[in-house]
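These are the residues of each chain, in order.
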Amino acid sequence: MSQFGDAAGTAVGLVLEADPTLVEIVLLSLRVSLSAVVIAACIGMPLGAWLTVSRFPGRRLVISVLNSLMGMPPVVLGLMVYLLLSRAGPLGEYGLLFTPTAMIVAQTLLVLPIIAALTRQTLSDLHREYDEQFRSFRIGPFAGTLILIREGRYSLATALLAGFGRASAEVGAVMIVGGNINHVTRVMTTTIAMETSKGDFSLALGLGIVLLAIVLVVNLLVSMLQWREKLA
Amino acid sequence: MKSDGIQFAPGQAPRSATPAKADAAHIAPADRADAILPLELVDVGYRAGDAELLRDINLIFDGRAPSIILGPNGAGKTLLLRICHGLLVPTTGQLRWRDPQLAMRPDSQAMVFQKPVMLRRSVAANIRFALRVSGVDREQHAARVARALEAAGLTPLAERRANHLSGGEQQRLALARCLAVQPRILFLDEPTAHLDPAATRQVEALIALIRDAGTRIVMVTHDIGQARRLAGDIIFMHRGRIIESGDATSFFERPSTAEAAAYLAGELLW
């Protein structure tokens, strides 16, 4: 037991004294996951908004697929991106495999369906409520959607946080496409997995503390937003 | 030489020089509805799949007296209202406004729904929103909002969240929006359907106020008492057709059709 006790003590020490290795890993993790969420938001929110107001054959199917993709297993996605980016793959010539870019690509694809589907859900509920009133006001579909986005801003922020939570906590996709290379693609989750299998718990626990704190803050923000929305 | 701008001969006031947006505020109330009315419905019908929901609707809305569309559930009253307001396109027939372009402007027409729809903003912000989308000049907003809030008895609630108000308060806010925008014609779809008598009385008073300010009222109800209180003329509908229409007093005293007589006698039409 004392082995874990020592490891926990060292871990807290690493966090408190901002150990350079730990900080480097945390910063890369944040860079990858935040980039992925920003890119996914730039694509996913307009996509969700468009699916709310557009009508075309197969729209329901697209929405169902999008909803199902929210549950995409990260390792499967990682495998697909790996095949895409590997030397022999269609995008192999860019040499992106085992780079942070590859990890951002994988996590973007992982988060995109979450943001798009939650955006569509939020805006659809609002659209149902406001559509007739907006048409009565002679507000066009584009302007109307912008107003819906403003009205649904708390739910939409929740969707972004859900995406970030998913990205920062997943290990499968970044492990496969990043390769967990020291100083290059090593992020919190992959380091925890590796250090644990080596039996070296202090860095793993230290990163675990940071990751847990991030996830807790994200979820606190989500509940705060939901609380604000109830008041709004 | 003084450069005092362009001169106009008397009687040649430049119409184009007055911003169109300011019209509603400057012209006399009585003229407002006249600019777009009459609205004429010619052989209007509406079909959804196999069901013929409206047919042979021939109507002219002119004059100033409020029109009340009366009839049992499923008669097609709401549908007719939505077609008049342009929310639905009739499958047959035509709508003819006196000035179609003017009629389609957002400050010309408004509609109040059975269940009011409010933005998740304050009461005052909801009125400001309506003024903005209707293209009313920004410098008029504050005064119009204050006046509408006062008339609707909503001044103490001005900063409250509109979507947290009671049903009656929300409906008064919906009418306050119309009071602020002063549309030329206002369509109301059973605005008191979910309200208790006290709230109904307040809503009816607001409708009267909007009417007196020069807005043409077209309202659907199946409350005969309400129709008696507000109607100038009556359009009585049953099963997608207009059975009888005309002056309210004679409709209530001497209905000329058996259906209308039965409806007024409280019998259940179906």
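For the structure, check the block above.
Here, residues in each chain are numbered from 1, in the same order as that chain's written sequence. The lettering of chains begins at A and the numbering of ligands begins at 1, in the order of writing. Local features are withheld for residues below a pLDDT of 70 in this predicted model, meaning they are given only at 70 or higher, and side-chain atom pairs are given and counted only at 80 or more; totals for whole chains, interfaces and linings count all residues.

Asks: How would you explain the sheet that holds strand β5 (residues 109–112) of chain B if you had to name every residue and give the values?
Replies: All names here are of chain B. Two strands make a pair as long as DSSP finds a minimum of two bridges between them. The secondary structure listing takes helices from DSSP runs of H or I that are at least 4 residues long and strands from runs of E that are at least 2 residues long, numbered from the N terminus. Across the sheet, which stays open at both edges, the 6 strands sit in the order β5-β6-β7-β3-β8-β9 with mixed pairing between neighbours. Edge strands, defined here as strands with exactly one partner in the open sheet, are β5 and β9 (241–247). Adjacent strand axes in the sheet meet at a mean angle of 15 degrees, parallel and antiparallel pairs treated alike. As judged from the 4 bridges shared by strand β3 (residues 67–70) and strand β8 (residues 233–238), these two strands associate in the parallel manner. Bridge pairing links isoleucine 68 to isoleucine 234 in β8. Here the axes come from fitting lines to C-alpha atoms, over the contacting stretch only for helices, and the angles between their N-to-C directions go from 0 to 180 degrees.

Asks: Outline helix α2 (residues 20–53) of chain A, listing residues and values.
Replies: By this rule, a helix spans an expected 1.5 Å times one less than how many residues it contains. Taking 1.5 Å per residue as the helical rise, α2(A) with its 34 residues ought to reach 50 Å, and the 49 Å between its terminal C-alpha atoms agrees with that figure. Given a residue, its bend is the angle between the two axes fitted to the seven residues that end at it and to the seven that start from it. Most pronounced at Ala41(A), the bend in α2(A) amounts to some 30 degrees.

Asks: Just give me the short version of the pairing of β9(B), but keep the residues and values in it.
Replies: Residues and elements named next belong to chain B. Relative to β9, β8 runs antiparallel, the two being bridged by 6 bridges. Paired with histidine 238 across the two strands is arginine 241, which belongs to β9. Once β8 ends, the chain turns through 2 residues before running back antiparallel as β9, passing arginine 239 with a positive phi of about 50 degrees.

Asks: Describe the sheet that holds strand β1 (residues 39–48) of chain B, and please don't skip the residues or the numbers.
Replies: All names here are of chain B. Ordered by their spatial adjacency, 3 strands build an open sheet running β2-β1-β4, and the pairing between neighbours is antiparallel. Bordering the open sheet on either side are β2 (51–61) and β4 (92–97), each of which pairs with just one other strand. Taken pair by pair, the neighbouring strands of this sheet meet at an average axis angle of 20 degrees, ignoring direction. The sheet contact formed by β1 and β4 spans 5 bridges and is antiparallel. Looking at β4, one finds that valine 42 is bridged to glutamine 94.

All quantities given are derived from atomic positions and should not be read as evidence of function.
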